[in-house]
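# Breakdown of the fold
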Amino acid sequence: MSRHTTINELVECITEKMKTERGKDLKDATDKDVYYVITSIVNDELNSHWLKTEKKYRKKKARQVYYLSMEFLVGRLLESNLLNCGLLDTANKALQKLGFDPEKVYFQEHDAGLGNGGLGRLAACFLDSLASLNYPGHGYGIRYRYGLFEQRIIHGNQIELPDYWLKEEYPWERRRVDEAVKIHFCGQVHMFKKNDGSLEFRYENTDQVMAVPYDIPIVGYENEVVNNLRLWSAESPSSEDEDVASQNSQYYHHLDHKHSIEQISGFLYPDDSSFEGKELRLKQQYFLVSASIQNIIKSYKKNSKKSLNYLPEKVVIQINDTHPSLAIPELMRILMDEEHFSWNDAWKITTNIIAYTNHTTLSEALETWPKEMIQNLLPRLYMIIDEINERFCKKIWMDHHHLRDKIPELAIIAYDQVHMSRLAIVGSFSVNGVARIHTDILIKKEMKDFYSLFPSKFNNKTNGITHRRWLLQVNPNLASLITDVIGPQWIKRPNQLISLLRYTKDRPFLDKIDQVKHENKKALAKFIFDRTGILVDDQSIFDVQIKRLHEYKRQLLNIFHVIYLYNELKDNPNQDITPRTFLFGAKAAPSYHLAKEVIKLINKVASIVNHDPEIKDKLKVVFLENYNVSLAEKIIPAADISEQISTASKEASGTGNMKMMMNGAITLGTLDGANIEIRDFVGDRNIFIFGLTADEVLHYYHHGGYVARDIYNTDDRVRRILDQLNEGWFGSQEIEFKDIYYNILYHNDPYFVLKDFDPYIESHELVEQSYRDKFTWLSMSVTNIAHSGKFSSDRTIQEYASSIWKLNKI
Ligand code: 26V
């Protein structure tokens, strides 16, 4: 099979494989059978390219980038693999010809949810771009047996269910026992002085764990490149031990031990409201790091005759947040203890290989581990971190007198805590933020002193998304409309979307854009009805907020606006408003109480508003449960308004903002994260911006001056809403949201919901007015699509490749 395969050839191949691989005639085949047959056809196609790609890298002795991440949120792969192989159109038609609904077939795959949100999805987009741009770049992660929990809403409350995604065979992975490596935890470290005066370290009584890799192919777009995503699974070292154990009383002890080893890749930790130093999570981090670094060194040795001194010529490692920052001491350990490098040489190699991306400035999310925990679990690594810290502090003391007082704030180990971001900054050659404002805040505020020590390390790489999945795949009708007017070059060069600017006043084209959006909205309305029984008006404005639930993302502000509209309509039922549908999708961390209260509130408001006969079709509120990549793919093409309303300074970048913009939605947002860059490109007339700026927010934090209760006292709309939360809805005692009420009035509204309420309402009024002028609206929409090429992850990856990784295309 290849992109030149005809529909009939594919039909024949499916029929044949159905017999040989599934033992069935087509007429008896289920959607699942067809799913497995198609993946098998794609796999046949991929395997040869996979091998060829690897050979090519080896032959060219290519410099490679390794992306280390605790999360890869890849979602479903069949459709995107078909697309990238150039087989999607043919497959769709062949399936239809055989009487199958392609969407149903693709839906058979379990959505791989090995990530929490933005950070994990970014990693997946980056892999797609690396392969599509012919870069030798691979991912390393963990093959969690359970992905992020599945969310159910029961009586308005979030319930978490386990996501056992490996229940059925996962056809994209290949187990590679031949590449398994051993990982050591705990034990004792013994130091010996050798004859030449140097030190030798030996470890005793360690707990050993096997890391077994499962490889997933990462397919480039129509370029026959297949890179690798290697996910490590934790296993007990050897089954021979099992036989021995079964013969004596140690058997249950042995089983217990085996079980605890397998726990290491047991489940993905949900991103919480604040960092919790759980030992199992630390084990996971070291497990990922140690397996990956060992693998990287092994493959270097296989391909190069030169000494490891030259490792930095061939290898660069990007760490996705601080989660894999133990890569720094682990590489030091291997270089010194196993490869016999001196400290200075090992340090030189390490700090030329590791590059670090920061994804948040929220102080409560910063990783710090109790020093004792690292000492017990990773005694040798602790010694190395301690030495890195000693040398770093000494250097500040000697060379940077003005920072002497600040050593406790800069030290990697301070007050018995190990600060991972400090370790990552000191041990890497590059530190980047993920949007301009975020990098500015790192440089000017959060990491100011580190910036003064290492100015050349700091740089910005504004995030991006793969336009192949997020436009071409999820919105094929929009994609073909674009191709009709500007040709297909934009697919390989997304910047060329800018040519669409010529059509922002072209009525026939805008009409077609309108039709496509409307079709997408109809499809989503049907989906919503099938899932929830709620009938939404496909002519209404689809106002969408989809992202993890967090106070700083301010879903609360959004639902306050809905309550406000509802109150207005109750007071004045004949008011002429443009009908609106408010769509939410959000998972809250299981232990994040306030976030769960907000979910409950949204669902409560939905049940009141949607069932109120007086409201009719003017307002609808829909909370779609279990928001994940696949759901995003359904919602985004149908969005009119993209809600990006975080408290300014808090959202590092956001990437949902880019996905919706690319599908023609208009952003309603604060000047935060990448919203700012979106505004710079599209201009003030093509985006709705409101609220406090980051500087204002930071000023209030430092100098006070904002009193939430003043707004409660003076703004009737706000007081009414808060009282409704506190006292129950229209006298009904059943509905109470006292915790939200208290958080706002007694904790002084830490995320400025009340402060931004009035400008937010005003902005929404502008949205409504603008939507009434169809022509202007569509023209804004096309302007957004035209500029969205800058937010393709191809652009981001080009920037990483040329300025951090120094990578050549192969
Ligand atoms: C923290 C924790 C702590 C507990 C265990 C699990 C876990 C997982 C992740 C995190 C940190 C999350 C940081 C993060 O996701 N940042 C987001 O990164 C996106 C990609 O750069 C960016 O667009 C978002 O603005 C940013 O919030």
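Residues numbered from 1 in each chain as written. Predicted model: local features only at pLDDT ≥ 70, side-chain atom pairs only at ≥ 80, totals over all residues. Heavy atoms only, no water.

## A short note on the site of the ligand
In the region of the ligand, 18 residues are neighbours, and His-359, Asn-463, Glu-651, Ser-653 and Gly-654 sit closest. One nitrogen or oxygen atom from the side chain of His-359 is found 2.6 Å from an oxygen atom belonging to the ligand. Within the side chain of Tyr-552, one N or O atom sits 3.3 Å away from an oxygen atom of the ligand. The protein chains hide 90% of the 590 Å² of surface that the ligand would expose on its own. Residue contributions to the shell around the ligand peak at three residues, all from helix H6 (residues 118–132). (Near = heavy atom within 4 Å. Polar contact = N/O pair within 3.5 Å; in protein donor to acceptor, adjacent residues only side chain to side chain. Areas by Shrake-Rupley, 256 points an atom, 1.4 Å probe, with all protein chains shown as cover. Helix = DSSP H or I, 4+ residues; strand = E, 2+ residues; numbered from the N terminus.)

## Here's the deal with H6
Between its first and last C-alpha atoms H6 spans 21 Å; for 15 residues at 1.5 Å apiece the expected length is 21 Å, and the two agree. Trailing H6 by a residue or two, Asn-134 shows a phi angle of about 65°, which is positive. (Expected span 1.5 Å × (residues − 1).)

## Examining the environment of Ser-788
Residue position: Ser-788 is located in the loop between helix H33 (774–787) and helix H34 (793–805). Residue classification places Ser-788 among the buried positions, given a relative accessible area of 0%. Separated by 107 residues in the primary sequence, Ser-788 and Phe-681 have C-alpha atoms spaced 8.8 Å apart. (Buried < 20%, exposed > 50% of the residue type's maximum accessible area, 1.4 Å probe, protein only.)

## Points about a nonpolar patch on the surface
A surface patch of nonpolar side chains, about 280 Å² in accessible area, is lined by Met-191, Leu-199 and Met-383. Along the chain, Met-191 turns up in strand S9 (residues 188–193). Take Met-191: its relative accessible area is 53%, and that puts it in the exposed class. (Patch = residues over 30% accessible without salt bridge, like charges linked within 9 Å, V, L, I, M, F, W, Y side chains within 5 Å. Salt bridge = Lys/Arg side-chain N within 4 Å of Asp/Glu carboxyl O.)

## Things to note about the sheet that holds strand S21 (residues 580–585)
In spatial order, the strands read S22-S21-S20-S23-S24-S25; together these six strands make up an open sheet with parallel pairing. In this open sheet, the two strands that pair with only one neighbour each are strand S22 (619–623) and strand S25 (688–689). Summarising the sheet, S21 and S22 pair through five bridges and their orientation is parallel. Bridged to Phe-582 within S22 is Val-621. Running over the sheet, H33 touches strand S23 (641–644), strand S24 (666–669) and S25 and is turned about 90° from S24. (Pairing = 2+ DSSP bridges. Contact = heavy atoms within 4.5 Å. Axes fitted to C-alpha atoms, helices over the stretch in contact; angles between N-to-C directions.)

## What about the packing of aromatic side chains?
One pass over the full model with this rule turns up 28 aromatic pairs. Here the aromatic rings of Phe-275 and Trp-369 are separated by 5.1 Å at their centres, their planes lie at 90°, and the arrangement is edge-to-face. Of the two residues, Phe-275 is situated in the loop between helix H8 (251–262) and helix H9 (279–303) and Trp-369 in strand S15 (residues 368–370); the sequence distance between them amounts to 94 residues. Ring geometry for Tyr-741 against Tyr-742: centres 5.6 Å apart, planes inclined by 85°, an arrangement best described as edge-to-face. Relative accessible area serves as the criterion here: at 38%, Tyr-742 is assigned to the partly exposed category. The structure contains a cluster of three or more aromatic residues connected by ring pairs, namely Tyr-67, Phe-126, Tyr-800 and Trp-805. Here the guanidinium or amino end of Arg-202 rests over the ring plane of Phe-192, the centre of that ring lying 4.1 Å away. (Phe/Tyr/Trp six-rings, centres within 6.5 Å; stacked < 30°, edge-to-face > 60°. Lys NZ or Arg CZ within 6 Å of the ring centre and 35° of its normal.)

## A closer look at the pattern of salt bridges
Within the structure shown, the criterion is met by 52 salt bridges. In this structure, the salt-bridge partner of Glu-168 is Lys-32, at a minimum N-O distance of 3.0 Å. Here Glu-168, found in the loop between strand S6 (157–163) and strand S7 (174–175), pairs with Lys-32, found in helix H2 (residues 31–59); they are 136 residues apart in sequence, far enough to count as distant. When its relative accessible area of 41% is taken as the criterion, Glu-168 is described as partly exposed. When the shortest N-O distance is used, the salt bridge between Arg-176 and Asp-215 registers 3.6 Å. Highlighted residues: Arg-176 in the loop between S7 and strand S8 (181–185) and Asp-215 in strand S11 (residues 207–219), separated in sequence by 39 residues. Note on Asp-215: relative accessible area 2%, which makes it buried. Through salt bridges with shared partners, a single ionic network connects Arg-176, Asp-178, Glu-179, Asp-215, Arg-230 and Lys-298.

## What about helix H27 (residues 675–682)?
Taken together, the buried positions of H27 are Asn-675, Ile-676, Glu-677, Ile-678 and Val-682. Where H27 is buried, its residues touch helix H17 (436–446), S23, helix H26 (656–662), S24 and H33.

## Things to note about the nonpolar core
Judged by nonpolar contacts, the single largest core of 202 residues is most densely connected at Phe-287, Ile-317 and Trp-805. Those residues in contact with Ile-317, other than ones at most four positions away along the chain, are Tyr-66, Leu-68, Ile-293, Ile-296, Ile-353, Ile-354 and Ala-355. If you look at the next biggest cluster of nonpolar residues, it comprises 72 residues, including Phe-582, Ala-586, Ile-676 and Phe-688. (Core = buried A, V, L, I, M, F, W, Y, C linked by side-chain atoms within 4.5 Å.)

## Observations regarding the side chain of Ser-236
Along the polypeptide, Ser-236 turns up in the loop between strand S12 (226–235) and helix H7 (240–246). The residues touching Ser-236, leaving out its near neighbours within four places in the chain, are Met-210, Lys-258 and Ile-261.

## Notes on the packing of helix H20 (residues 476–486) against helix H22 (residues 507–532)
As a packed pair, H20 and H22 sit with axes 9 Å apart at the nearest point and diverge in direction by 165°. In terms of axis orientation, H20 runs roughly antiparallel to H22. Judged by the sense of rotation from one axis to the other, the crossing of H20 with H22 is right-handed. Touching Asn-477, Leu-478, Leu-481 and Val-485 of H20 are Phe-509, Lys-512, Ile-513 and Val-516, all from H22. A per-class count over the contact of H20 with H22 returns six nonpolar, one polar and one charged. (Parallel < 35°, antiparallel > 145°, perpendicular 65-115°, else oblique. Left-handed = near helix turned anticlockwise from the far one by under 90°. Nonpolar A, V, L, I, M, F, W, Y, C, P; charged D, E, K, R; others polar.)

## Points about the packing of helix H1 (residues 7–22) against helix H4 (residues 88–97)
Relative orientation of the contacting elements H1 and H4 amounts to 60°, with a least axis distance of 9 Å. By the criterion of interaxial angle, the relationship of H1 to H4 is oblique. H1 and H4 meet at a crossing whose hand is right-handed. Along its contact with H1, which presents Ile-7, Asn-8, Leu-10, Val-11 and Ile-14, the element H4 presents Thr-90, Ala-91, Lys-93, Ala-94 and Lys-97. Counted by class, the contact of H1 with H4 contains six nonpolar, two polar and two charged residues.

## Focus: the environment of Gln-798
If you trace the backbone, Gln-798 turns up in helix H34. Along the primary structure Gln-798 and Gly-705 are separated by 93 residues, whereas in three dimensions their C-alpha atoms are 44 Å apart. The contact partners of Gln-798, leaving out residues within four places of it in the chain, are Leu-133, Tyr-135 and Lys-809.

## Structural notes on unusual backbone geometry
One non-glycine residue, Asn-205, lies in positive phi territory at about 55°. By relative accessible area, which is 59% here, Asn-205 ends up exposed. The phi dihedral of Glu-222 is positive, around 45°, even though this residue is not glycine. In this fold, Glu-222 is placed in the loop between S11 and S12.

## Focus: the environment of Met-661
Here Met-661 is to be found in helix H26. Remark: the alpha-carbon pair of Met-661 and Ile-641, spanning 20 residues in sequence, is separated by 9.1 Å. With residues near it in sequence (within four places) discarded, Met-661 still touches Ile-678, Val-682, Asn-784, Ile-785, His-787, Ser-788 and Phe-791.

## Details of the sheet that holds S15
Within a beta sheet, neighbouring strands are joined by backbone hydrogen bonds and run either parallel or antiparallel to one another. The sheet built from three strands is open, its strands ordered S15-S17-S16 with antiparallel pairing. Single-partner strands in this sheet number two, and they are S15 and strand S16 (413–414). Of the strand pairs in this sheet, S15 and strand S17 (residues 417–419) are connected by three bridges, and their pairing is antiparallel. Within S17, the position partnered with Thr-368 by the bridge is His-419.

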